[in-house]
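Fold and geometry: a report
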Amino acid sequence: MKDDRTSSVQSGPLRVAVVGASDVGKSALTVRYLTKRFIGEYRSDTDMLYKCVLQVDGAPQPVEIMDTSASCDKTSYPYLQWAEAFVVVYSITDKESYQRAASTVQELSERRPSASVLMVGNKSDLGHLREVEEVEARTLTLTHSARFAELSTAESCTSVSEVLDNFLKEVKAQRNDNQNGGSPKPRKISVTRMLGSLIGRSSPPPTPMTHLIILDKEECNKLQTPLTRLCRPCLRPAHSLPCSPHTAV
């Protein structure tokens, strides 16, 4: 009898892209989830790909999380094709960041209707500076069949873990077992060395991660290379879906 846990590890990684405007806490959210630590300031303007094995629904599961930089306008095509799930982040204190997030959720609803989408309103601890009402964002996500959460990355590690654990569980449940597992081969660096520069030399290395990849512009473009044949209606690899009578492009 085949062990479900072994099967889970051997399956392709769950691929999640974290997108949103600058200064909304995308990197803080990602690192908080993976390391349980909060980092208030980042200097990086590059995209980061975290590759790790996490416990998802009680079993080990390879996960790749793309922390996109602010230079990524809305949802660029490499990420649109590469990810099977999206975390769209905005700050409740910044109306403009919400408008960008809302536009992204709408675009994903149109171009990737089969993808799992989670909209996160960050910085809920700054309610006195609120510019975006929770009911407005929640109504938007209901309209586009997306998930919604409002939280404070700075204030609570528990809420971040609960929200993203549940989202990954949903992504895993919905994924297609035949999804293409191709990925670019960018340079690898030490997680200890990289996060040490972000967190501080005195901090211990994060245990959940296997390695971190830094993607430059050329390497980001490679994300779409393995996925050139796409099902026209759902923009997913035609060979990994029973897309007939859909046509491939």
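The numbers attached to residues start from 1 for each chain and follow its sequence in the written order. The predicted origin of the model limits local features to residues at a pLDDT of at least 70 and limits the giving and counting of side-chain atom pairs to 80 or more, whereas totals for whole chains, interfaces and linings rest on all residues. For side-chain calculations, the full set of non-hydrogen atoms in the structure is used, while hydrogens and water are omitted.

Description of the pattern of salt bridges
By convention in these notes, a salt bridge is any Lys or Arg side-chain nitrogen within 4 Å of a carboxyl oxygen on Asp or Glu. Considering all chains together, one arrives at seven salt bridges under this definition. Among the ionic pairs, Lys51 bridges to Glu64, the shortest N-O distance being 3.5 Å. Within this pair, whereas Lys51 is found in strand E2 (residues 47-56), its partner Glu64 is found in strand E3 (residues 59-67), the two being separated by 13 residues in sequence. For the residue pair Lys51 and Glu64, the accessibility class agrees, reading buried in each case. Taken together, the shared-partner salt bridges connect Arg15, Lys51 and Glu64 into one network. Every helix listed is a DSSP run of H or I at least four residues long, and every strand listed is a run of E at least two residues long, numbered separately from the N terminus. Three labels apply to residues, based on accessible area from a 1.4 Å probe with only protein chains included: buried if under 20% of the type maximum, exposed if over 50%, partly exposed otherwise in between.

Considering unusual backbone geometry
Although it is not a glycine, Lys123 adopts a positive phi angle of roughly 70°. As for its position among the elements, Lys123 is in the loop between strand E5 (116-122) and helix H5 (134-143). Phi angles above zero are rare outside glycine, and Ser145 is one such case at about 55°. Structurally, Ser145 can be placed in the loop between H5 and strand E6 (147-150).

Some thoughts on the pairing of E5
Along E5, seven of the seven residues are buried, which leaves the element largely enclosed by surrounding structure. Strand pairing is assigned whenever DSSP identifies at least 2 bridges connecting the two strands. Pairing of strand E4 (residues 85-91) with E5, which is carried by seven bridges, proceeds in the parallel orientation. Opposite Val89, over in E5, you have Val120 as the bridge partner. When the strands point away from the viewer, a crossover counts as right-handed if the route from the first strand across the helix to the second turns clockwise. In terms of handedness, the path from E4 via helix H4 (residues 95-111) over to E5 forms a crossover that is right-handed. Where E5 and E6 come together, four bridges link them in parallel fashion. Each residue of the ladder has a partner; that of Met119, found in E6, is Phe148. With H5 bridging E5 and its parallel neighbour E6, the resulting β-α-β unit is right-handed.

As for the pairing of strand E1 (residues 14-20)
Extensive coverage of E1 is indicated by the burial of seven of its seven residues. Alternating positions in E1 separate into two faces, Leu14, Val16, Val18 and Gly20 on one and Arg15, Ala17 and Val19 on the other, with burial throughout. Pairing of E1 with E3 involves five bridges; the strand directions are parallel. Bridging from a neighbouring strand, Leu14 pairs with Val63 of E3. In this structure, E1 lies alongside E4, joined through five bridges in parallel fashion. Looking at E4, one finds that Ala17 is bridged to Phe86.

Observations concerning the confidence of the model for the chain
Confidence scores per residue from the predictor, reported as pLDDT, run from 0 to 100. Here the chain averages 76 in pLDDT, while 62% of its residues score no lower than 70. Between two residues, a contact is recorded if the distance between any of their heavy atoms is within 4.5 Å. Scored below 50 in pLDDT, residues 176-210 makes 71 contacts in the model with residues more than four places away or belonging to other chains. Between residues 245-249, whose pLDDT stays under 50, and residues either more than four places distant or in other chains, the model counts 13 contacts.

Regarding helix H2 (residues 26-35)
Counting buried positions along H2 gives ten out of ten residues, so the element sits mostly inside the fold. Where H2 ends, the next residue or the one after it, Lys36, has phi of about 70°, a positive value.

Some remarks on the side chain of Thr30
Relative to the helices and strands, Thr30 resides in helix H2. Accessibility expressed as a relative area gives 3% for Thr30, which makes it buried.

As for the environment of Gly20
Inspection of the secondary structure puts Gly20 in strand E1. The spacing of Gly20 and Tyr90 is 70 residues in sequence and 6.2 Å in space, taken between C-alpha atoms. Here Gly20 is in contact with Lys26, Val89 and Arg100, once residues within four sequence places are set aside.

Here's the deal with the packing of aromatic side chains
Here a Phe, Tyr or Trp ring, Trp counted by its six-membered ring, pairs with any other such ring whose centre lies within 6.5 Å, and the pair is stacked when the planes are under 30 degrees apart, edge-to-face when over 60, and tilted otherwise. Taken as a whole, this structure holds one aromatic pair when the rule is applied. Pairing Tyr90 with Tyr98 gives two aromatic rings, centres 5.1 Å apart and planes at 70°, and the pair type is edge-to-face. Residue Tyr90 shares its accessibility class with Tyr98, and that shared class is buried.

Brief notes about the environment of Tyr33
Within the secondary structure layout, Tyr33 lies in helix H2. Along the sequence, Tyr33 and Asp165 sit 132 residues apart, while their C-alpha atoms lie 9.0 Å from each other. When sequence neighbours within four positions are dropped, the list of residues in contact with Tyr33 reads Leu54, Ile65, Val160, Ser161, Leu164, Asp165 and Leu168. Identification of polar contacts relies on pairs of N or O atoms within 3.5 Å, with a donor-acceptor requirement for protein atoms, meaning one able to donate a hydrogen and the other able to accept it, and with residues adjacent in sequence counted only if both atoms are side-chain atoms. A polar contact is formed between the side chain of Tyr33 and the side chain of Asp165, at a distance of 2.6 Å.

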